[in-house]
Amino acid sequence: QTMIKYKQPKSKQAPILLQTSVFHTLTILLVLTILAGRAFISIASICIRTYHNYVPNISERYLEEMKEWKHLENHGDIELLYKPVEGTHLYVHRAVGRSYLPFHDLVDVFLDTSNSTHWTKDLIHAEEYPYPKTTVRRRYKEGVKVEKAIVKQQFMYPPSSSLVFPLSRQQVNESLEYLLKRITLSDHVKKMVVVKFASKRDETNFPVCSECKRGIHMGSEWMFQELDNGATRVQADILLDPPIDLISPFLLKNTQKMWIVDTMHGLFKELRHKLDRDSEIQVPIIMHTIQLWR
């Protein structure tokens, strides 16, 4: 008997199933890669926007400028820095403070010129005038609101923190006056308000008072920035050049550094008092309203 071996034909279904599973796997991997790429791009764009919104001044020029500032001392929640002005006896002082007071309320108190004598150290009198319209306009980027004003400030002279002897009777009665141009830049995107001051020369429309000396304000800048945690960062740079016939450069430096610290503390204290007064007024009104409803 002859045995005939039967060869079973090879099945073609197995290779087809293998190819299909490989195709599905590659498709899933491709889709996951695309989704992961889109997620990475979205997260990176959010990080970049946050970086530019809340750290707008980080640049090589800014970092070089920060290297010039030297830490001087701390006064509670305020750090004081300084740097010398080349070719002069003057120093620029910078105070950096942080407070959990409301951002907009703090700016409103600062811009209220009529009540600035309550918190500005040695300030006797202050007036604000509308800035005259000019044909020349400086362009600022979109989203920044610009407001201008003229501010006249009269300070006690010599300052209360400087012990200068001897003083004549006439010198004690004199005051130091500044005529300033104030520019307020409000950036709602970066949640920041910058207020710049500089001396303005106009003896015709704004004559010096009879018992005043006109000082030179070489430029100061106050910056208010709302932070993510609800706090407000306040930074102030001050550079003044008052007449120094009665005060030595050493006393001038000491006076200016304490003026900026005491003034910033006074600003914080003034707003706290204002908020306390408002709450004291609102409580009786609320109680009276509740009694009426009853």
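Heads up: the structure comes first, above all this text.
First, a word on what this report is: a plain description of the structure on this page. (Residues numbered from 1 in each chain as written. Predicted model: local features only at pLDDT ≥ 70, side-chain atom pairs only at ≥ 80, totals over all residues. Heavy atoms only, no water.)

## Some thoughts on unusual backbone geometry
- With a phi close to 65°, Asp 122 is a non-glycine residue in the positive phi region.
- Mapped onto the secondary structure, Asp 122 falls in the loop between helix H3 (103-111) and strand E4 (123-130).
- Phi is positive for Lys 191, close to 55°, though the residue is something other than glycine.
- On the secondary structure map, Lys 191 appears in the loop between strand E6 (175-187) and strand E7 (192-199).
- The partly exposed category is assigned to Lys 191, whose relative accessible area is 33%. (Helix = DSSP H or I, 4+ residues; strand = E, 2+ residues; numbered from the N terminus. Buried < 20%, exposed > 50% of the residue type's maximum accessible area, 1.4 Å probe, protein only.)

## Overview of the packing of aromatic side chains
- Applying the stated criterion across every chain, the model contains nine aromatic pairs.
- Ring centres of Phe 155 and Tyr 178 lie 5.9 Å apart, and the angle between their planes is 80°; on these two criteria the pair is classed as edge-to-face. Linking Phe 155 in strand E5 (residues 144-156) with Tyr 178 in strand E6, this pair joins segments that are 23 residues apart in sequence.
- Put simply, the rings of Phe 110, Trp 119, Phe 197, Trp 222 and Phe 224 touch in pairs and so form one group of aromatic residues. (Phe/Tyr/Trp six-rings, centres within 6.5 Å; stacked < 30°, edge-to-face > 60°.)

## Examining a nonpolar patch on the surface
- A surface patch of nonpolar side chains, about 650 Å² in accessible area, is lined by Val 22, Leu 26, Ile 28, Leu 29, Val 31, Leu 32 and Leu 35.
- Checked against the element boundaries, Leu 29 lands in helix H1 (residues 13-54).
- Accessibility expressed as a relative area gives 47% for Leu 29, which makes it partly exposed. (Patch = residues over 30% accessible without salt bridge, like charges linked within 9 Å, V, L, I, M, F, W, Y side chains within 5 Å. Areas by Shrake-Rupley, 256 points an atom, 1.4 Å probe, with all protein chains shown as cover. Salt bridge = Lys/Arg side-chain N within 4 Å of Asp/Glu carboxyl O.)

## Here's the deal with the state of the cysteines
- Under the criterion given, the structure shown has one disulfide.
- Between Cys 209 and Cys 212 runs a disulfide, and the two sulfur atoms are separated by 1.6 Å. The chirality of the disulfide connecting Cys 209 with Cys 212 is right-handed, given an S-S dihedral of about 100°. (Disulfide = S-S within 2.5 Å.)

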